[in-house]
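Given next are the chains, with one letter for each unit.
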Amino acid sequence: MKAAVWYGKKDIRIEEVPDKPIKGNEVKVKVAWAGICGSDLHEYQEGPVFIPTDANDPLTDEKAPLTMGHEFSGIVHEVGAKVTTAQVGDRVTVNPTLTYGDKREELDPYDGFSFIGLHGDGGFTTYANVPEDNVYQLPETLTLQDGALTEPTAVAVEAVKKADMQFGDKVAVFGAGPIGLLTAVAARAAGATDIIVLDLSDARLEKAKQLGATHVINSGEMDPIKTIGQIAPEGVDVAFEVAGVAPTFKQAIEVTKGLGKMMIVSIFAQPIEWNPIQLTNTGVNVDSTIAYTPTTFKQTVDLMGSGQLKLEGIITDHIQLENIVENGFEALTNDKSQAKILVELTGDSE
Ligand SMILES: [Zn+2]
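As the structure is a computational prediction, the values presented were derived from the model and not from experiment.

Draft legend 1. Main features of the packing of helix α1 (residues 38-46) against helix α10 (residues 324-334). Taken N-terminus to C-terminus, the directions of α1 and α10 make an angle of 95°; their axes are 10 Å apart at the nearest point. Here α1 is positioned roughly perpendicular relative to α10, judged by the angle of their axes. Contact with α1, carried on its side by Asp40, Leu41, Tyr44 and Gln45, involves Val325, Phe329, Glu330, Leu332 and Thr333 of α10 and no other residues of that element. Tallied by class, the residues present in the contact of α1 with α10 amount to 5 nonpolar, 2 polar and 2 charged.

Draft legend 2. Seen up close, the coordination of the zinc ion. Coordination of the zinc ion by the protein is provided by Cys37 (SG), His70 (NE2) and Glu71 (OE), with metal-donor distances spanning 2.2 to 2.5 Å. Look at cysteine 37 and you get buried, because its relative accessible area is 12%.

Draft legend 3. Focus on the pairing of strand β15 (residues 256-264). Where strand β14 (residues 236-241) meets β15, 5 bridges bridge the pair, whose relative direction is parallel. Directly across from glutamate 241, in β15, lies its bridge partner isoleucine 264. Handedness of the β-α-β unit built from β14, helix α7 (residues 246-254) and β15 comes out right-handed. One ladder, built from 4 bridges, connects β15 with strand β16 (residues 285-288); its direction is parallel. Across the sheet, lysine 261 pairs through a bridge with asparagine 285, a residue of β16.

Draft legend 4. Fine view of the environment of valine 76. Mapped onto the fold, valine 76 is located in strand β5 (residues 71-79). Sequence separation of valine 76 and valine 135 is 59 residues, and the distance between their C-alpha atoms is 9.1 Å. Each residue touching valine 76, except ones within four places of it in the same chain, is listed here: Val27, Lys28, Gln87, Val88, Gly89, Asp90 and Val92.

Draft legend 5. Highlighting the environment of proline 96. Note on placement: proline 96 falls in the loop between β6 (91-94) and β7 (97-98). On a C-alpha basis, the gap between proline 96 and isoleucine 116 in space is 4.9 Å, while along the polypeptide they are 20 residues apart. Excluding its chain neighbours within four sequence positions, the residues that come into contact with proline 96 are His70, Ser114, Phe115, Ile116, Asn134, Glu151, Tyr292 and Phe297.

Draft legend 6. Quick peek at the side chain of threonine 248. Structurally, threonine 248 can be placed in helix α7. Since its relative accessible area comes to 13%, threonine 248 is described here as buried. Once residues within four sequence positions are removed from consideration, threonine 248 is found in contact with Phe174, Glu241 and Ala243.

Draft legend 7. Structural view of the domain arrangement of the chain. For the chain, the domain assignment lists domain 1 (2-149 + 314-344) and domain 2 (155-288). Just the C-alpha atoms count here: the centres of domain 1 and domain 2 sit 28 Å apart. Counting from both sides, the interface comprises 7 residues of domain 1 and, opposite them, 10 residues of domain 2. Summed over the shared surface of domain 1 and domain 2, the result is 0 salt bridges. For the pair domain 1 and domain 2, the interface holds 1 residue pair in polar contact (both at pLDDT 80 or more).

What counts, and at which threshold
- Residues numbered from 1 in each chain as written.
- Predicted model: local features only at pLDDT ≥ 70, side-chain atom pairs only at ≥ 80, totals over all residues.
- Heavy atoms only, no water.
- Axes fitted to C-alpha atoms, helices over the stretch in contact; angles between N-to-C directions.
- Helix = DSSP H or I, 4+ residues; strand = E, 2+ residues; numbered from the N terminus.
- Parallel < 35°, antiparallel > 145°, perpendicular 65-115°, else oblique.
- Contact = heavy atoms within 4.5 Å.
- Nonpolar A, V, L, I, M, F, W, Y, C, P; charged D, E, K, R; others polar.
- Donors = N, O, S within 2.8 Å, 3.2 Å for Na, K, Ca; no water.
- Buried < 20%, exposed > 50% of the residue type's maximum accessible area, 1.4 Å probe, protein only.
- Pairing = 2+ DSSP bridges.
- Right-handed = clockwise from strand over helix to strand, strands pointing away.
- Domains from an automatic or database assignment.
- Salt bridge = Lys/Arg side-chain N within 4 Å of Asp/Glu carboxyl O.
- Polar contact = N/O pair within 3.5 Å; in protein donor to acceptor, adjacent residues only side chain to side chain.

Written out as structure tokens, the structure is:
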């Protein structure tokens, strides 16, 4: 079977890989659709970031070269001898996180933490082997393409949950890439009334409006601090930092009201210089989030299934595996109007 295999920075190859036998606790998923994630893009542009290259990852026992892709859906094709609930033919989405696994709810994302598709072989191929505990049935109301969106959406849901949002909150989202856009959607579902989204790209801000932002600010053209001051004179209740650079980090704290919350969602590729006096003066709480707990992942599937999280417009392209570098990784690098690009593996044909 063909797969998109990461060998190194700017070196992702489409090549033939073996269809490995499943272990007792695994299911084999015939992959329908797989999204390209911002972290995949980091691996392509400046990797390795997470991908193990020297020693095997302790949880997957694999290292590069490996098949990428951690946002995927598909049909259960085969089940291992010890599998108890998943059945052949189930339409599923995959929670790609692997941890040491007593699934202590709060700590789970911090207990080990490897990704199917980054630390071990993933979904940019025809068949992916996944532990049974990592597959979730898709509700009838969700398509297989929706199933490829649950993973990044769960990141946003976790960020909103961890921010303890209340009905009527005013929020600012710094960065309108896919996770920023999904954070705006999740904040709206959680009852935010003012959702201010900031970015340097008008195309992305247009997308943010479509997805429910009440105000958009092009930070290159307007002063973010002043403009947010007009919308929320006391400051926003929660600011989400989804851009990952020094200016937005500081701005996100500055626009937050006293004792409010600034939530770091992005991955900072570079260290920043910053003076903590910014917190001393305001009591703003800075917190961070990564990925999601198993409960949040399930809630995300349910919230999408019930229509409370509406993601229309987030998918901006559908591409073929053969063209993943040019039409996927390069397109996401060069074209800011792209949000989520889905790769068609076996697609909707069951
Ligand atoms: Zn991702």
